[in-house]
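Each chain, written out:
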Amino acid sequence: MSRIFNFCAGPATLPTAVLERAGGELADWHGTGMSIMEMSHRSKEFVGVAEKAEQDLRDLMGIPDNYKVLFMQGGASSQFTMIPMNLLRGGSKADYINTGQWSTKAIKEAKRFCEVNVAASTEGNNFTSAPSQAELNLSPDAAYVHYTPNETIGGVEFDYVPDTGDVPLVADYSSSILSEAIDVSKFGLIYAGAQKNIGPAGLCVVIVREDLLGNTIEGTPTMFDYKVAADNGSMYNTPPTYSWYLAGLVFEWLKEQGGVEAMAELNRRKAEKLYGFIDTNDFYANPVAKNNRSRMNVPFTLADAGLDKTFLAESEQAGLMNLAGHRSVGGMRASIYNAVPEDGVDALIAFMADFAKRHG
Ligand SMILES: *Cc1c(COP(=O)(O)O)cnc(C)c1O
């Protein structure tokens, strides 16, 4: 088997150990003679897998008992709709912090349901920073405050958790969940599409404080009601069983690695190495304010954009895949999630140094 280093923003690389284990039990899961994906979601085998995955996630993140963990479908993008439907709770206004393309999309959906107060926006500097707490223009009568802790496309990450007082804080953690320890009790709701730092696409994890459930806007479809999902153990209908199982394997792997604290240390080292190299080499640049540079997604440009295609072709030949920037911004982007090993970052830096020497 030969594995390349995969810097894709999502669906992203998974730990090789997890893929090997899944491969080993693909056709016959634990002597049942069946694949886990062929089993009833209500079988005791699958329910066991599902419950263990939830418990491991609770352990990893220290999720308090008054929070429900939901394994949902429709990606993070469906949450842009479900959040206002579930969390307005009779209110007519919500605060949104706009730090890039994902928050912009969340705002667009919320506007269908309520008045949106953009509490801060960094569009003016082309989304190359996050606002400080002092810059947040929060409304006292907002039903919730929504923000994106890590903007996957721009590579912008908050270096603090906004203080919203008694107003529930909602976070799109799709691209940085499990990358460091967070205090879940500061949030009303956390959601994350699985395909960056959790597992395969097809699953979206929602962690929501219980007291926020059960007051949806009129006309909310059954499948969009968090309380229905919570009351049915995320099995009101058939859940994405294989993605759920694989997420469970990733949670087990994370525990074996030492949990999110160990991941945070590794992620800090990887990011410091890569940004340190970019900052000291004239051939490469990253536009993001230093205290808001994402530890997960590292966009960078070459001194001569005419060399982009050559860079991508040569990096692929070197086994460094998916380094093209998002189609909307161009340039390069290296996503260095939990499952990207430090060796991968070292190999990328060595390649970048060599490329700059030959073409700079
Ligand atoms: C990838 C991503 C999304 C969209 O996820 P889908 O599962 O494709 O809907 C939303 N928000 C953030 C921050 C993301 O990184």
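- Naming follows an unreviewed UniProt entry, where the protein chain appears as Phosphoserine aminotransferase of Thalassolituus maritimus.
- We quote the UniProt Sequence similarities (unreviewed entry) comment for the protein chain here in full: "Belongs to the class-V pyridoxal-phosphate-dependent aminotransferase family. SerC subfamily."
- Per UniProt, the comment on the protein chain under Function (unreviewed entry) is "Catalyzes the reversible conversion of 3-phosphohydroxypyruvate to phosphoserine and of 3-hydroxy-2-oxo-4-phosphonooxybutanoate to phosphohydroxythreonine."

## A short note on the packing of helix H6 (residues 241-257) against helix H7 (residues 259-280)
Here is step 1: Put simply, H6 and H7 touch, their axes get as near as 7 Å, and they point 75° apart. Overall, the two elements H6 and H7 adopt an arrangement that is roughly perpendicular. Contact residues: H6 offers Trp253, Leu254, Lys255 and Gln257, while H7 offers Gly259, Ala262 and Met263.

## Examining the packing of aromatic side chains
Here is step 1: A full pass over the atoms with the stated rule returns 18 aromatic pairs.
Here is step 2: A ring pair is formed by Tyr147 and Phe158, whose centres lie 4.8 Å apart and whose planes are at 85°; its orientation type is edge-to-face. On the criterion of sequence distance, the pair formed by Tyr147 in strand E5 (residues 145-147) and Phe158 in the loop between strand E7 (156-157) and strand E8 (169-172) is long-range, its members being 11 residues apart. Pair check on accessibility: Tyr147 and Phe158 agree, each one buried.
Here is step 3: Each member of the aromatic cluster is reached from another via a ring pair, and the members are Phe277, Phe283, Tyr284, Phe300, Phe311, Phe351 and Phe355.

## Some points on the state of the cysteines
Here is step 1: Across all of its chains, the model carries zero disulfides by this definition.
Here is step 2: Take Cys114: it sits in no disulfide, and the sulfur closest to it among the cysteines is that of Cys204, at 19 Å.
Here is step 3: Judged by relative accessible area, which is 11%, Cys114 ranks as buried.
Here is step 4: Free cysteine: Cys204, not disulfide-bonded; nearest cysteine sulfur from Cys8 at 18 Å.

## Some points on the site of the ligand
Here is step 1: Taken together, 13 residues sit near the ligand, with Ser77, Thr152, Asp172, Gln195 and Lys196 positioned nearest.
Here is step 2: In this structure, Gln195 approaches the ligand through a side-chain N or O atom, which is 2.9 Å from an oxygen atom.
Here is step 3: Between Lys196 and the ligand, the recorded distance is 2.7 Å, taken from a side-chain N or O atom to an oxygen atom.
Here is step 4: About the coverage of the ligand: the protein hides 86% of its 390 Å² of free accessible area.
Here is step 5: When residues of the shell around the ligand are assigned to their parent elements, the largest contribution, four residues, is made by helix H3 (residues 75-87).

## Points about the side chain of Glu342
Here is step 1: For Glu342, the position within the fold is in helix H9 (residues 342-359).
Here is step 2: The buried category is assigned to Glu342, whose relative accessible area is 17%.
Here is step 3: Only 2.8 Å separates the side chain of Glu342 from the side chain of Arg269, close enough to count as a polar contact.
Here is step 4: Apart from the residues lying within four places of it in its own chain, the contact partners of Glu342 are Leu266, Arg269, Lys270 and Lys273.

## Examining the pattern of salt bridges
Here is step 1: The full count for this structure, using the stated rule, is 25 salt bridges.
Here is step 2: The shortest N-O distance in the salt bridge between Lys44 and Glu45 comes to 3.5 Å.
Here is step 3: Here Lys44 falls in the exposed class, since its relative accessible area comes to 70%.
Here is step 4: With a shortest N-O distance of 2.7 Å, Glu265 and Arg268 are connected by a salt bridge. Taken together, the residues Glu265 and Arg268, both in helix H7 and three residues apart, mark about one turn of the helix.
Here is step 5: Residue classification places Arg268 among the partly exposed positions, given a relative accessible area of 33%.
Here is step 6: It is possible to trace a salt-bridge network through shared partners that takes in Arg21, Glu25, Lys52, Asp56, Asp59, Glu252 and Lys255.

## What to know about the domain arrangement of the protein chain
Here is step 1: Under the domain assignment, the protein chain is made up of domain 1 (16-256) and domain 2 (258-359).
Here is step 2: Taking only C-alpha atoms into account, the centre of domain 1 sits 27 Å from that of domain 2.
Here is step 3: Contacts between domain 1 and domain 2 engage 27 residues on the former and 25 residues on the latter.
Here is step 4: Taking both partners together, domain 1 and domain 2 bury about 2,100 Å²; carbon and sulfur atoms supply 50% of that area.
Here is step 5: For the pair domain 1 and domain 2, the number of links is two salt bridges.
Here is step 6: Arg295 is the partner of Glu180 in a salt bridge, and the nearest nitrogen-oxygen pair spans 3.5 Å.
Here is step 7: At the level of secondary structure, the elements contributing two or more residues to the side of domain 1 that touches domain 2 comprise E7 and H6.
Here is step 8: For the side of domain 1 that touches domain 2, the leading source of residues is H6, giving four residues.
Here is step 9: In terms of residue class, the side of domain 1 that touches domain 2 is built from 10 nonpolar, 11 polar and six charged.

## Observations concerning the sheet that holds strand E11 (residues 284-285)
Here is step 1: Reading across the sheet, the three strands line up as E11-E12-E14 and stay open at both edges, with antiparallel pairing between neighbours. Sheet topology places E11 and strand E14 (332-335) at the edges, where each strand pairs with a single neighbour.
Here is step 2: Bridging between E11 and strand E12 (residues 297-302) involves two bridges; their strand directions are antiparallel. When the sheet's bridge partners are listed, Ala285 is paired in E12 with Thr301.

Scoring rules and cut-offs
- Residues numbered from 1 in each chain as written.
- Predicted model: local features only at pLDDT ≥ 70, side-chain atom pairs only at ≥ 80, totals over all residues.
- Heavy atoms only, no water.
- UniProt positions renumbered as here; feature names shortened; annotations may be inferred.
- Axes fitted to C-alpha atoms, helices over the stretch in contact; angles between N-to-C directions.
- Helix = DSSP H or I, 4+ residues; strand = E, 2+ residues; numbered from the N terminus.
- Parallel < 35°, antiparallel > 145°, perpendicular 65-115°, else oblique.
- Contact = heavy atoms within 4.5 Å.
- Phe/Tyr/Trp six-rings, centres within 6.5 Å; stacked < 30°, edge-to-face > 60°.
- Buried < 20%, exposed > 50% of the residue type's maximum accessible area, 1.4 Å probe, protein only.
- Disulfide = S-S within 2.5 Å.
- Near = heavy atom within 4 Å.
- Polar contact = N/O pair within 3.5 Å; in protein donor to acceptor, adjacent residues only side chain to side chain.
- Areas by Shrake-Rupley, 256 points an atom, 1.4 Å probe, with all protein chains shown as cover.
- Salt bridge = Lys/Arg side-chain N within 4 Å of Asp/Glu carboxyl O.
- Domains from an automatic or database assignment.
- Buried area = accessible area lost by both parts, 1.4 Å probe.
- Nonpolar A, V, L, I, M, F, W, Y, C, P; charged D, E, K, R; others polar.
- Pairing = 2+ DSSP bridges.

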